[in-house]
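These are the residues of each chain, in order.
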Amino acid sequence: MQIDLTGKTALVTGSTEGIGYAIARQLAKAGAQVVVNGRSEDKTASAAKRLTAELSVSTIKTVAADVSTAEGCAALVAEVPHLDILINNAGIFQPIDFFDAGDDVWDRHWQVNVMSGVRLSRAYLPGMRRRDWGRVIFLASESAFNIPVDMIHYGVTKTADVAVARGLAKRMAGTGVTVNSVLPGPTLSKGVESMLADEQAKTGLPIEQVAASFVRQHRSTSIIQRAASVDEVANLVTYLASPLASATTGAAVRVDGGVIDTL
Ligand code: NAD
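About the criteria used
- Residues numbered from 1 in each chain as written.
- Predicted model: local features only at pLDDT ≥ 70, side-chain atom pairs only at ≥ 80, totals over all residues.
- Heavy atoms only, no water.
- Buried < 20%, exposed > 50% of the residue type's maximum accessible area, 1.4 Å probe, protein only.
- Helix = DSSP H or I, 4+ residues; strand = E, 2+ residues; numbered from the N terminus.
- Pairing = 2+ DSSP bridges.
- Near = heavy atom within 4 Å.
- Polar contact = N/O pair within 3.5 Å; in protein donor to acceptor, adjacent residues only side chain to side chain.
- Areas by Shrake-Rupley, 256 points an atom, 1.4 Å probe, with all protein chains shown as cover.
- Salt bridge = Lys/Arg side-chain N within 4 Å of Asp/Glu carboxyl O.
- Contact = heavy atoms within 4.5 Å.

Asks: I'd love a proper account of the pairing of strand β5 (residues 134-139), names of residues and values included.
Replies: Of all the six residues making up β5, six are buried; the element is thus mostly covered by neighbouring parts of the structure. The alternating pattern of β5 places Gly 134, Val 136 and Phe 138 on one face and Arg 135, Ile 137 and Leu 139 on the opposite face, and all of these are buried. Where strand β4 (residues 85-88) and β5 come together, four bridges link them in parallel fashion. Note that in β5 the partner of Ile 85 across the bridge is Arg 135. In this sheet, strand β6 (residues 177-184) lies alongside β5 in parallel orientation, the contact comprising six bridges.

Asks: Which residues make up the site of the ligand, and what values go with them?
Replies: Of all residues adjacent to the ligand, which total 30 residues, the nearest are Thr 16, Asp 66, Asn 89, Tyr 154 and Ser 189. Take Ile 19: an N or O atom from its main chain is 2.8 Å from an oxygen atom of the ligand. Burial of the ligand by the protein chains amounts to 94% of its free accessible area of 830 Å². Elements with a contribution of two residues or more to the shell around the ligand: α1 (18-29), β2 (33-38), α5 (152-171) and α6 (190-195). A per-element tally of the shell around the ligand places α6 first, with three residues.

Asks: Hey, could you go over the pattern of salt bridges for me, with residue numbers and the actual values?
Replies: A complete count under the given rule lists eight salt bridges for this structure. With a closest N to O distance of 3.4 Å, Arg 25 and Glu 54 form a salt bridge. With Arg 25 in helix α1 and Glu 54 in helix α2 (residues 41-55), this pair connects stretches of sequence that are 29 residues apart. When its relative accessible area of 17% is taken as the criterion, Arg 25 is described as buried. Taking the relative accessible area as the measure of exposure, Glu 54 reaches 44% and is therefore partly exposed. Linking Arg 226 and Glu 232 is a salt bridge whose minimum nitrogen-to-oxygen distance equals 3.0 Å. Where salt bridges share partners, they join Arg 25, Glu 54 and Asp 231 into one cluster.

Asks: Give a detailed account of the side chain of Glu 142, specifying residues and quantitative values.
Replies: In this structure, Glu 142 sits in the loop between β5 and α5. Polar contacts involving the side chain of Glu 142 include one to the side chain of Arg 219, which spans 2.7 Å.

Asks: Requested: an account of the side chain of Asn 37, with residues and values cited.
Replies: Looking at the secondary structure, you find Asn 37 in strand β2. A polar side-chain atom of Asn 37 sits 3.0 Å from the main-chain amide nitrogen of Gly 14. Of note is the side chain of Asn 37, whose polar atom sits 3.0 Å from the backbone oxygen of Ala 65. Excluding anything up to four places from it in sequence, Asn 37 contacts Leu 11, Val 12, Thr 13, Gly 14, Ser 15, Thr 16, Thr 44, Val 63, Ala 64, Ala 65, Val 67 and Leu 76.

Here it is in structure tokens:
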């Protein structure tokens, strides 16, 4: 199976590190012209520089914009008016007990994790529909279905991502545009490394081992019993973003190591 994205323009939100960076790298490797996005000019430029050096390509574009705001999304769309592939990856997760999570916590998660994708889909889907080809992918999570008790606010935003993707897929019915959500399980990204930093400092163990013990303790239904790598998630996203995945739409596709314990 050959994945060829030559001639396609792809935006990956929140792609300066973590899963987003890995997706940007895989899409660029498959020939897409990739737009890297993060909030700061510095981090966005250095991610693009790393990608350019790693892949020996000259097609990486950068747009620094905060996609959690309407202004940030509008600035991004003004810089990149046409897209073939939109990966709504930017997301935050902060474990806070329900009784300590104020409206600000809920609102911040909602704006970054849901509204960024809503606004960008509203801006880009009409062009994709006119050209009769497009791919929109929301990075949801296994937490969409297994609401984590220490991050109810996060789980709710991820359930919303699955719902928005399903609704938009139906809205694009009969066209060459597909919309899907991808549900990673615990994945060793920069964000997860920071979340586990205290535990790693306490135990002195390699981060992979700390992550595996987190998975066994907090996601005990995991069948792989370890965190996934960012590339394992990016592989699935790259397939779904490709012309090969033309009959998959409205789906919530798992790359969760078996955490979701349903058939
Ligand atoms: P990460 O924290 O490692 O990276 C997130 C990226 O998003 C960073 O580049 C950050 O700069 C960027 N970002 C954050 N807020 C932004 C904003 N407002 N505007 C622009 N960029 C912004 O995160 P990750 O672990 O790679 O997660 C990526 C996505 O995958 C998220 O949507 C997350 O919910 C989802 N996910 C992650 C895991 C996991 O275990 N890592 C599991 C399931 C789902």
